[in-house]
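Chains, contacts and geometry: an overview
Below are the chains, spelled out letter by letter.
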Amino acid sequence: MTTTTSTTAAPTEAVATASTVATASTADAPALIRFRPTGLDTAPEVNALLERLGLGPFAPDGLTAFGGRNDNWAGTTTLGRQVFVKTVARAPDGSRPEIDRALAFEASAARLPAGSPLRTPEHLGTDRDSAVSAFRLLPGSRSGSEVALDGDFDEALCREAGRAVATLHTLGTAFGEDPDAASGPAIDTAEAPLPPMRWLRAFPWSEVQDRSMAQIAAWKLVQDDTEVVAALHRLRERERTAPHTPAHCDLRFDQFLVHDGQLYLCDWEEFRLADPARDVGAFVGEWLFQATYSVFAPTGEPTTAKDAVALGFDLSHEEIVERGAAGLRHHIPRIAAFWQGYTECRTPDPELAERAVGFAGWHLYDRLIATAQAHAVLNPVARAAAGIGRTLLLNPAGAVATLRLADLADLADLAVPHSAVPHPAVPHPADVPSGSPR
């Protein structure tokens, strides 16, 4: 059994990760929705790790969990330490690639200087055999998805996010070192799994039973659109020849947390050497997806994803156009602030922005597929996201100026003729100027 420990120089405390909106019951409770955790009697490896790290086992009172696909626990140990612990899945062959990728990040990030723009949770230790990792809990933190839905992910935070992501993309090379030379597990060089190219030809029958009807319909939007499929193949080819850097490769709002006004970036299970445009495009895509959801808020104000999904069916075409344009105008300056922060800390390669627009297009499809999991039919927000994603994938060069630097208030670059849309039910960006297989 192997236990590893690692700390980063940036933060002194770590945060629990979550992907849900939040409420806090007390001033010092985590500002995230809490869930009943899996019983520790069925996961003895959790307290075993904490005791080996000298933290003491979890005290049963107040033990909770946060949203996410992995089992996790958050609480105070018998020695008074506030800790967040999570497990990750093992591969079918018994290997632990997610743990190894996360440990590779921790080894690289250990060299970050104090005050680095990339703040990341303090890693207390990992039991690789059990695929369990411990971090210090930072009470009162807010998920980036909550912050965005509340309208508080402002331009200043976006600029900090850009600086953090750029610092990640220079990790190792900023110190004159080869990123692969860090101590600890080697950085993964395998191609990122999304988009899954073989799924563009056909949806595997083995996966059908685990997908909702809405998810299957979302995949049909992709598979039936030969132009989108061709664009995704082109994007993959460009990615293979692009300069690769250390990259997060699973960037979403819920991977950010805000504590005491500072931004943290979390969850490194997909960390690898990859095209940095993946991360830039994912951040852009998150704002475009957020803007699409805002179409379905009754007043155009921030709303929860749950409320947004329930709305939209009663909106007229004209209302969708009007609200979509307003939402996109509202969020474009935040994308610009992110890019400003990014370029302050790193000089991108000449084609990074264009590739990032393509990845933003894929991100919209990925998010609509993910959010369709709980639904029987695709709702208007999903189809609107597909229309915008299609435009970005088919003409990434035409959207670069609109989405990053020049003339950001002009949204006309994203418009394409209705005749180019093979899915009539999709509100297309020509009408809404703008701009995962999970």
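Residues numbered from 1 in each chain as written. Predicted model: local features only at pLDDT ≥ 70, side-chain atom pairs only at ≥ 80, totals over all residues. Heavy atoms only, no water.

Time to look at the overall build of the protein chain. The secondary structure content of the protein chain amounts to 13 helices and 10 strands. When each of the 438 residues of the protein chain is scored for burial, the buried share is 58%. Of the roughly 17500 Å² that the protein chain leaves accessible, carbon and sulfur atoms contribute 53%. (Helix = DSSP H or I, 4+ residues; strand = E, 2+ residues; numbered from the N terminus. Buried < 20%, exposed > 50% of the residue type's maximum accessible area, 1.4 Å probe, protein only. Areas by Shrake-Rupley, 256 points an atom, 1.4 Å probe, with all protein chains shown as cover.)

For the rest of this paragraph, the subject is the pairing of strand E9 (residues 262-265). As defined by bridge partners, strand E8 (residues 256-259) adjoins E9 across 4 bridges and the pair is classed as antiparallel. Considered in E9, the bridge of Val-258 is made with Leu-263. (Pairing = 2+ DSSP bridges.)

Here the focus is the packing of helix H6 (residues 213-223) against helix H11 (residues 352-371). Direction vectors running N to C along H6 and H11 enclose 160 degrees, while the axes themselves pass 8 Å from each other. Judged by the angle between their axes, H6 and H11 are roughly antiparallel. On H11, the residues that touch Gln-215, Ala-218, Trp-219 and Val-222 of H6 are Trp-362, Tyr-365, Leu-368, Ile-369 and Ala-370. Class assignment of the residues belonging to the contact of H6 with H11 gives a composition of 8 nonpolar, 1 polar and no charged. (Axes fitted to C-alpha atoms, helices over the stretch in contact; angles between N-to-C directions. Parallel < 35°, antiparallel > 145°, perpendicular 65-115°, else oblique. Contact = heavy atoms within 4.5 Å. Nonpolar A, V, L, I, M, F, W, Y, C, P; charged D, E, K, R; others polar.)

This part covers the sheet that holds strand E6 (residues 142-143). Spatial strand order, E6-E8-E9: 3 strands in an open sheet with antiparallel pairing. Of all strands in the sheet, those bounded by a partner on one side alone are E6 and E9. Pairing of E6 with E8, which is carried by 2 bridges, proceeds in the antiparallel orientation. Within E8, the residue paired with Arg-142 across the bridge is Val-258.

As a further point, take H11. Over its 20 residues, H11 runs 28 Å from end to end, which matches the ideal 28 Å to within 8%, given 1.5 Å per residue. The element H11 is largely enclosed, with a buried count of 18 among its 20 residues. (Expected span 1.5 Å × (residues − 1).)

With that settled, consider the confidence of the model for the protein chain. Chain-level statistics for the protein chain give a pLDDT mean of 79 and a share of 74% at 70 or above. Below pLDDT 50 for its whole length, residues 1-32 participates in 125 contacts with residues either more than four positions away or in separate chains. This stretch, residues 298-311, has a pLDDT under 50; its non-local contacts, to residues over four places away or in other chains, come to 19 contacts. (pLDDT = per-residue confidence, 0-100.)

Counting 82 residues, the largest nonpolar core has Phe-153, Phe-283, Leu-368, Leu-392 and Leu-403 as its most contacted members. A total of 11 residues in this core trace back to one element, the largest contributor, which is H11. Residues Leu-63, Val-83, Val-85 and Ala-134 belong to the second largest nonpolar core, which totals 13 residues. (Core = buried A, V, L, I, M, F, W, Y, C linked by side-chain atoms within 4.5 Å.)

What follows deals with the packing of aromatic side chains. Under the definition given, this model contains 16 aromatic pairs. Judged by centre distance (6.2 Å) and plane angle (85 degrees), the rings of Trp-268 and Phe-271 are edge-to-face. Residue Phe-271 is classed as buried on the basis of its relative accessible area, which comes to 0%. (Phe/Tyr/Trp six-rings, centres within 6.5 Å; stacked < 30°, edge-to-face > 60°.)

So, on to the pattern of salt bridges. Inspection of every chain in the model, using the stated rule, returns 30 salt bridges. The salt bridge involving Arg-390 is made with Glu-227; its shortest N-O contact spans 2.6 Å. Of this pair, Arg-390 sits in helix H12 (residues 380-394) while Glu-227 is found in helix H7 (residues 226-241), placing the two residues 163 residues apart along the sequence. Classification of Arg-390 as buried rests on a relative accessible area of 3%. One continuous salt-bridge network, built from bridges that share partners, spans Glu-191, Arg-236, Glu-237, Glu-239, Arg-240 and Arg-278. (Salt bridge = Lys/Arg side-chain N within 4 Å of Asp/Glu carboxyl O.)

The next subject is unusual backbone geometry. With an omega of -5 degrees, the peptide bond running from Leu-194 to Pro-195 counts as cis. In this structure, Pro-195 sits in the loop between helix H4 (155-169) and helix H5 (205-208).

Taking 1.5 Å per residue, 13 residues should reach 18 Å; helix H2 (residues 97-109) reaches 18 Å between its end C-alpha atoms and fits that length. Burial runs high along H2: 11 of the 13 residues are buried. Inspection of H2 places Glu-98, Ile-99, Arg-101, Ala-102, Leu-103, Ala-104, Phe-105, Glu-106, Ala-107, Ser-108 and Ala-109 among the buried residues, and these make up the whole buried set.

Next up on the list: the side chain of Ser-145. On the secondary structure map, Ser-145 appears in helix H3 (residues 144-149). Here Ser-143 takes part through its side chain, which lies 2.8 Å from a polar atom of the side chain of Ser-145. (Polar contact = N/O pair within 3.5 Å; in protein donor to acceptor, adjacent residues only side chain to side chain.)

Here we come to the packing of H7 against H11. Between H7 and H11, whose axes approach to 10 Å, the crossing angle comes to 130 degrees. Between H7 and H11, the angle falls in the class oblique. The chirality of how H7 crosses H11 is left-handed. Facing H7, whose interface residues are Val-228, Leu-232, Leu-235, Arg-238 and Glu-239, H11 presents Glu-354, Arg-355, Gly-358, Phe-359, Trp-362 and Tyr-365. (Left-handed = near helix turned anticlockwise from the far one by under 90°.)

The subject of this paragraph is the pairing of E8. Burial along E8 is two-sided: the residues Phe-256 and Val-258 and Leu-257 and His-259 are all buried. Counting the residues between successive antiparallel strands, the hairpin from E8 to E9 contains 2 residues, one of them, Asp-260, with a positive phi of roughly 50 degrees.

This paragraph deals with the environment of Asp-224. Looking at the element boundaries, Asp-224 is found in the loop between H6 and H7. On the basis of relative accessibility, which here comes to 43%, the residue Asp-224 falls in the partly exposed class. Along the chain, Asp-224 and Arg-201 lie 23 residues apart, while their C-alpha atoms are 9.2 Å from each other. A polar contact is formed between the side chain of Asp-224 and the side chain of Lys-220, at a distance of 2.9 Å.

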